[in-house]
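Chain and residue survey
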Amino acid sequence: MARNEEKAQSMLNRWVDMKNEERRKPKERRPYLASECRDLADAHKWRSEILREIGVKVTEIQNEGLGEHRLRDLNDEINKLLRERVHWERRIVELGGPNYTKHAAKMTDLEGNIIDVPNPSGRGPGYRYFGAAKKLPGVRELFEKPPEVKKRRTRYEIYKRIDASYYGYRDDEDGILEKLEAPAQDDMRRRAVEELERIKAIRSEAMKMVKSGEVASVEPTAAPAVEVVLFEGVEDVVEEERRLEMELEELERSKVQQEFVAHVPLPDDKEIERMVVEKKKKELLTKYMSEELMEEEQEAKEMLNVNR
């Protein structure tokens, strides 16, 4: 049996091929201008043909071993086909077909991030790079992001962000701080009430002793950290009396150390102490008693013939 090549070269087979070619329609060529097309189906067909050519060339440009010149030529051809595709998509819209530009693919950088490539002419997308063409010399720098320069904030920008929260004035708005401070606040309030009641008792006791003519003195309580508080004004008087007593003691010690000859009659210590106490009583009565009460007391003393 003859081989296939010999069969193909036979006279009968060549005649059959020639008849088939005669029956075939002449190969149609894509119009140079999209505006020359008048049929929507033909416009879709030519757009699909362009997309197939773009796919073939994009697959080919992924090979980094093609060389710089071949990669640049392929990238130029792809961009030319993309512009031609835009023309056909615009023509399809004019013929009443769908708008394919709404779902056009975006360009990405080496890391896969979508970037926008503006066109200086303002007509359609700008020049794009595909595959290994993104790594060519002078092209890689286009996709590199410039380092961010940290701008120093001005004093106005710093103070613009400062509000009441910065100073802690809104710390208790969430209610958490109130719950944490409630036990301590109750304890402090209880202590303050107890201290106030104790001070009131001391003041009432001091007033009773002042009205009765005795020197106001209150024994300290069992709490060593709490200072004994007298009535306002009474405490100062008691301190003055203590100072006078210390001066008298100092005077007595000085008398023992050196003899003093008095040429006039001098009061003794008891007389001086009685005079001091009498003077303080008068000051206290003048301060805390009205003039009417003092006059009534003076009249009562005169009626009872009491000198003190």
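What you are looking at is a predicted structure, and each value in this text was computed from that prediction instead of being measured.

Helix and strand counts for the protein come out as 10 helices and 2 strands. Taken from N to C terminus, the helices and strands of the protein fall in the order α-α-α-α-β-β-α-α-α-α-α-α. In the protein, the share of contacts with a sequence separation of at least 24, taken over all contacts with a separation of at least 6, comes to 55%. Looking at the protein as shown, the accessible area adds up to about 25800 Å², and 53% of this sits on carbon and sulfur atoms.

Here the focus is the pattern of salt bridges. As enumerated under the stated definition, the model contains 18 salt bridges in all. With a closest N to O distance of 3.3 Å, Arg 189 and Asp 186 form a salt bridge. Pair noted here: Arg 189 and Asp 186 are both in helix α7 (residues 176–211), with a separation of 3 residues, about one helical turn. Accessibility expressed as a relative area gives 46% for Asp 186, which makes it partly exposed.

A few words now on the confidence of the model for the protein. Per-residue pLDDT for the protein has a mean of 76; in total, 74% of the residues score no lower than 70. Contacts for the low-pLDDT stretch residues 118–124, under 50 throughout, to residues beyond four places or in other chains number 4 contacts. Confidence over residues 215–232 falls short of pLDDT 50; this stretch has 33 contacts with residues more than four positions distant or in other chains.

Its place among the elements puts Glu 89 in helix α4 (residues 68–94). For Glu 89, a relative accessible area of 2% corresponds to the buried category. If near-sequence neighbours (up to four positions away) are discounted, Glu 89 is found in contact with Arg 47, Tyr 100 and Thr 101.

A word on the packing of aromatic side chains. The final tally for this structure, using the stated rule, is 3 aromatic pairs. Pairing Tyr 166 with Tyr 167 gives two aromatic rings, centres 5.2 Å apart and planes at 90°, and the pair type is edge-to-face. Through a chain of ring-to-ring contacts, three or more aromatic side chains come together here, namely Tyr 166, Tyr 167 and Tyr 169. Over the ring of Trp 46 we find Lys 45, and its NZ or CZ is 4.4 Å from the ring centre. Over the ring of Tyr 100 we find Arg 47, and its NZ or CZ is 3.7 Å from the ring centre.

This brings us to the nonpolar core. Among the nonpolar cores identified, the biggest contains 20 residues, and Ile 54, Ile 61 and Trp 88 are the most heavily contacted of them. If you list the elements that add at least two residues to this core, you get α3 (40–61) and α4. For Ile 54, the residues in contact, after removing those within four places along its chain, are Ile 78, Leu 81 and Leu 82.

Moving on to helix α10 (residues 291–304). With 14 residues, α10 extends 20 Å between its outermost C-alpha atoms, agreeing within 8% with the 20 Å of an ideal straight helix rising 1.5 Å per residue. Looking one or two places after α10, you find Asn 305, whose phi comes out positive at around 55°.

With that out of the way, let us pick up a negative patch on the surface. Judged by side-chain charge, Asp 171, Asp 172, Glu 173, Asp 174, Glu 178 and Glu 181 come together as a negatively charged surface patch. Along the chain, the position of Asp 172 falls in the loop between α6 (155–160) and α7. Given a relative accessible area of 39%, Asp 172 falls into the partly exposed group.

A contiguous patch of positive charge, built from Lys 150, Arg 153, Lys 160 and Arg 161, is present on the exposed surface. Its place among the elements puts Lys 150 in the loop between α5 (140–143) and α6.

On the secondary structure map, Arg 30 appears in the loop between α2 (11–23) and α3. When near neighbours in sequence (up to four residues on either side) are disregarded, Arg 30 contacts Trp 46, Glu 49, Ile 50, Glu 53, Glu 84 and Trp 88. Among the polar contacts made by the side chain of Arg 30, one reaches the side chain of Glu 49 at a distance of 3.2 Å.

This brings us to the packing of α3 against α4. Axis separation between α3 and α4 bottoms out at 9 Å; the angle between their running directions is 160°. The pairing of α3 with α4 is recorded here as roughly antiparallel in orientation. As α3 runs across α4, the sense of the crossing is left-handed.

Criteria and cut-off values
- Residues numbered from 1 in each chain as written.
- Predicted model: local features only at pLDDT ≥ 70, side-chain atom pairs only at ≥ 80, totals over all residues.
- Heavy atoms only, no water.
- Helix = DSSP H or I, 4+ residues; strand = E, 2+ residues; numbered from the N terminus.
- Contact = heavy atoms within 4.5 Å.
- Areas by Shrake-Rupley, 256 points an atom, 1.4 Å probe, with all protein chains shown as cover.
- Salt bridge = Lys/Arg side-chain N within 4 Å of Asp/Glu carboxyl O.
- Buried < 20%, exposed > 50% of the residue type's maximum accessible area, 1.4 Å probe, protein only.
- pLDDT = per-residue confidence, 0-100.
- Phe/Tyr/Trp six-rings, centres within 6.5 Å; stacked < 30°, edge-to-face > 60°.
- Lys NZ or Arg CZ within 6 Å of the ring centre and 35° of its normal.
- Core = buried A, V, L, I, M, F, W, Y, C linked by side-chain atoms within 4.5 Å.
- Expected span 1.5 Å × (residues − 1).
- Patch = residues over 30% accessible without salt bridge, like charges linked within 9 Å, V, L, I, M, F, W, Y side chains within 5 Å.
- Lys, Arg positive; Asp, Glu negative; His and termini not counted.
- Charge placed at Lys NZ, Arg CZ, Asp CG, Glu CD.
- Polar contact = N/O pair within 3.5 Å; in protein donor to acceptor, adjacent residues only side chain to side chain.
- Axes fitted to C-alpha atoms, helices over the stretch in contact; angles between N-to-C directions.
- Parallel < 35°, antiparallel > 145°, perpendicular 65-115°, else oblique.
- Left-handed = near helix turned anticlockwise from the far one by under 90°.

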